[in-house]
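Chain by chain, the residues run as shown.
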Amino acid sequence: MASVPLNGSEREALAGARALHAADPHERLEVSVFLRPRGQAQLQARLGTLHAARRGVPRPRALSREAFAQRHGASPADIRAVRRFASAHGLTVVAASAARRTLMLSGTVAQFNAAFGVELQYF
């Protein structure tokens, strides 16, 4: 499986922080993976309309939670891709919500290090 860096995912340590030691490779973690929304352009347009409503523009009709999830939740294809990735790296999907665009993955530090090409450390 090819490694694809995500724009904006790199993190720098806080100023003055120093690495103490590597995380215990056997320690178990749970990590939330947030997925992109469907219909992002329509979502941005809707948010713009809602913002304009503050200035006297008529407010759009409210969406039910179900309608919002259907239009702007995570796509089934994206959820399947994360599930395949997790399975390929020995990680477990412990929760998934298309409406929240979130999957919760569980595994050891060693599994996450290998899956994401990182070296988790204590600072």
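Heads up: these notes are all about the structure in this document. (Residues numbered from 1 in each chain as written. Predicted model: local features only at pLDDT ≥ 70, side-chain atom pairs only at ≥ 80, totals over all residues. Heavy atoms only, no water.)

## Quick notes on unusual backbone geometry
Non-glycine residue R101 carries a positive phi angle of around 60°. Within the secondary structure, R101 sits in the loop between β3 (92-97) and β4 (102-108). For R101, a relative accessible area of 27% puts it in the partly exposed group. (Helix = DSSP H or I, 4+ residues; strand = E, 2+ residues; numbered from the N terminus. Buried < 20%, exposed > 50% of the residue type's maximum accessible area, 1.4 Å probe, protein only.)

## A closer look at the pairing of β3
Bridging between β3 and β4 involves five bridges; their strand directions are antiparallel. Among the inter-strand pairings, A95 is bridged to a residue of β4, identified as M104. The loop that links β3 with its antiparallel partner β4 comprises four residues; one of these, R101, has a positive phi angle of about 60°. (Pairing = 2+ DSSP bridges.)

## Considering the sheet that holds β3
Judged by pairing direction, the sheet is antiparallel, and its three strands sit side by side in the order β2-β4-β3 without closing on themselves. Edge positions in the open sheet fall to β2 (28-34) and β3, since each of these has one partner strand only. In this sheet, adjacent strand axes meet at a mean angle of 20° when their direction is disregarded. The strands touched by helix α3 (residues 76-88) are β2, β3 and β4; relative to β4, the strand with the most contacts, the crossing angle is about 0°. On top of the sheet, helix α4 (residues 109-116) reaches β2 and β4; it is set at about 120° to β4, its chief contact. (Axes fitted to C-alpha atoms, helices over the stretch in contact; angles between N-to-C directions. Contact = heavy atoms within 4.5 Å.)

So far we have only geometry, and geometry alone does not tell us how the molecule works.
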